[in-house]
Amino acid sequence: MINTAEYGNMSWELSVQVDQRDGDEGMRFKFRVKGDLHIGGLMLKLVEKIKAPQDWSDHALWWKQRSCWLLKTHWTLDKYGVQTDADLRYTPQHKPLCLQLPNMKTVKLTVSYSAVVFKTVVKICRALNIRRPEELSLLKPPDDLPKKKKMKKDKNPALEEILDMDIFNGSGGTGERSSPLYSKTMVPTYDPENGTPASATSLWFGDNPLTSSQPNLPPAELAKMYQQLSMVDKAIINAGWLDSSRSLMEQGIGEHDRLQLRFKYHCFFDLNPKYDAVRITQLYEQARWSILLEEINCTEEEMLMFASLQYHICKMTMSTEPLDFSNEPEIDEVEAALSNLEVTLGGKTDRILEDITDVPKLADSLKLFRPKRLALRSYKEYWFVFKDTTISYYKNKETASGEPIEQLHLRGCEVVPDVNVTDKKFGIKLLLPVADGMSEVYILCDNETQYAKWKAACTLASKGKTMAYSSYRSEVKNIQSFLQMKSLAPPPGQSAPDLDTMEMNAECFVSPRYTKRYKTKQTGRGCHQSSSARILEAHQNIASLSLNEAKMRFIHAWQSLAEFGIKYYIVRFRGSKKNELMGISYNRLIRIDMSTGLPVTTWRFANMKQWNVNWEIRQVAIDFDQNVSIAFSCVSCDCKVVHEYIGGYIFLSTRSKDQNETLDEELFHKLTGGQE
């Protein structure tokens, strides 16, 4: 009797469900265990009791009630706090996951459900041959958005074809092995026999179906996908980003669940057409769908420009052979290093002294407007002088030798284009940093040439660089070519396209709302030029671009949109009694009035001193320069989601060219974890 009592006090019964690898729901086993039994010992007991000839190395214990993995095999049951009521499951750590890629196609991939999401995304990107995985993450789409329930039932079968990447990569289903096509470094590879450089791209990608753009959907299918989203709707969608510091299982993601792989951080580092065929294609696709589904707003002129680029890319994709990069020149490492040094020094070495001693300046008659509450926009003409990183403006040219009316210091400012080429409007909006946020100033130029020079100078000045910097001239040319691309007139020396010999359906390349609006406008005006004709005319400006150049142009044009990269969240600021919107971009936070959608205050990351989370009251607190402090709680999501966005952008700003492309995961979690 004494021995039985002692045995009862020291041991207890534990129930464990065992999942088989073939998808069987598994059997339940019961054990008498003691609290000092370590996890590894429990797993050994399980395998001995199951007596199944199977590789159990990928299995681990999952504790359902606590939603946690028991991965520290040297820890005892007592240390984990496992009691007799614990519902444990012995299950594979790697399971199939369905991922919708940025191109809206779905792939099936075996991934780790026990590793933190940051590591899982790195492995997914490795399998898909996407460099810079820190820019991407996994998004769980909302179960339903308000007013859109009926659309969820109408699935598009064209988008439901699933590509099994485990078979394609030959990874054996564990998700641990790298794709055989993956190459870690950017260093050119040389043939061992004759020493000639091998094609880096063919080694990197091989025959990868993810490098090809998808054809545009028919208008009827596109209309089924389209949902007009408010800022609040976007906030609900953005709440779905998974926590990078926890595993899939810990966040309620099950086997064969569907998630979206997306570029989360809109800060694209080192985009290289030679090594980034998949990354550029998927980035283009994410940009394309954000335009077509109006996740980001653009003007009619910009919509036509994006449509012409899509048409060109679609035409090139369908008419050309698979991409062959083997004829692209390989870059010698020493040559590349010298080139980088030259850029760092600011241009050709024989121009260094000239650049230092002779800083260019601009002087022009421009119009200026400062927004005031309830005031109409009226521009007033002044004489402007741009020198170093400062704009000074005077009453007229004759008074330029005296004191200026005002000086605008552009270092750290935000430069936003305010352009409509059709209406000959070439404006620049400057958001200048002040103590309590940002101050708006609008400058209006007379023509394209003037705009290109001033816009390029402002962009460089915002980064603390002058017009002496080597990239100024190329920046001016890029802006001019971008304006030419937005123009609907054919370039000089080219005639208008023959519309009778070219067929295209404009509704495939623009958003459904724009199509509807344009049809209404066309009906009202009778003989108004069709949108197809306007797209074909705009296409003449970019008809000579290669496929990769066109994709890069599309991405750069997407980046130039005013709302690019802004993610919205519903928050409540400390001391406020109403909900507001917080916009998070790659370089700033924006406080937005929910009723009007207008920005109230802007704070730049460059002025941020520290940020943290009070986990007891779930409140994010941020301190900026000049004793500016803000604090807010999150309404549309957990505060960790917003905090991770801010910390993630700070992490991306620390990146530098690294041949090994190593990621400092510890620093990422330190910046995004909020000292939880």
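Before any of the text, the structure's been laid out above.
Residues numbered from 1 in each chain as written. Predicted model: local features only at pLDDT ≥ 70, side-chain atom pairs only at ≥ 80, totals over all residues. Heavy atoms only, no water.

(A) Summary view of helix 14 (residues 448–462). Counted at 1.5 Å a residue, the expected span for helix 14 with its 15 residues is 21 Å, and the 21 Å between its end C-alpha atoms agrees. Counting buried positions over the 15 residues of helix 14 gives 12, a clear majority of the element. Where helix 14 begins, one side-chain oxygen reaches toward the backbone nitrogen of Thr 449, 3.3 Å away; that side chain belongs to Asn 447. At the exit of helix 14 stands Gly 464, carrying a positive phi of roughly 85°. (Helix = DSSP H or I, 4+ residues; strand = E, 2+ residues; numbered from the N terminus. Expected span 1.5 Å × (residues − 1). Buried < 20%, exposed > 50% of the residue type's maximum accessible area, 1.4 Å probe, protein only. Polar contact = N/O pair within 3.5 Å; in protein donor to acceptor, adjacent residues only side chain to side chain.)

(B) Focus on the pairing of strand 18 (residues 567–573). With 6 of 7 residues buried, strand 18 lies mostly within the body of the structure. Bridge analysis of strand 18 against strand 19 (residues 580–584) gives 5 bridges, and the strand direction is antiparallel. Bridge assignment links Val 571 to a residue of strand 19, and that residue is Glu 580. Hairpin connection, strand 18 to strand 19: the antiparallel pair is bridged by 6 residues, and Gly 575 has positive phi, about 90°. Judged from the 3 bridges that link them, strand 18 and strand 24 (residues 628–634) form a sheet pairing that is antiparallel. Note on strand 24: the bridge partner recorded for Val 571 is Cys 634. (Pairing = 2+ DSSP bridges.)

(C) Examining the side chain of Asn 587 more closely. When you line up the elements, Asn 587 lands in the loop between strand 19 and strand 20 (588–592). Within the local environment of Asn 587, its side chain forms a polar contact with the side chain of Glu 414, the two groups lying 2.8 Å apart. In contact with Asn 587, not counting residues within four places along its chain, are Glu 414, Arg 604 and Phe 605. (Contact = heavy atoms within 4.5 Å.)

(D) Highlighting the nonpolar core. Counting residues in each nonpolar core, the largest one holds 67 residues, and the members touching the most others are Leu 138, Leu 248 and Trp 558. Among the elements that line this core, the one with the most residues is helix 11 (residues 300–319), at 10 residues. Inspection of this core shows a minimum of three residues originating in each of domain 1 (12–92) and domain 2 (96–147 + 157–167 + 190–298). Ignoring sequence-local partners within four residues, the contact set of Leu 138 consists of Leu 99, Val 117, Val 121, Ile 124, Gly 240, Trp 241, Leu 242, Leu 248, Leu 259, Gln 260 and Leu 261. Within the second largest apolar cluster, 35 residues are counted, among which are Tyr 569, Ile 584, Leu 589 and Val 642. (Core = buried A, V, L, I, M, F, W, Y, C linked by side-chain atoms within 4.5 Å. Domains from an automatic or database assignment.)

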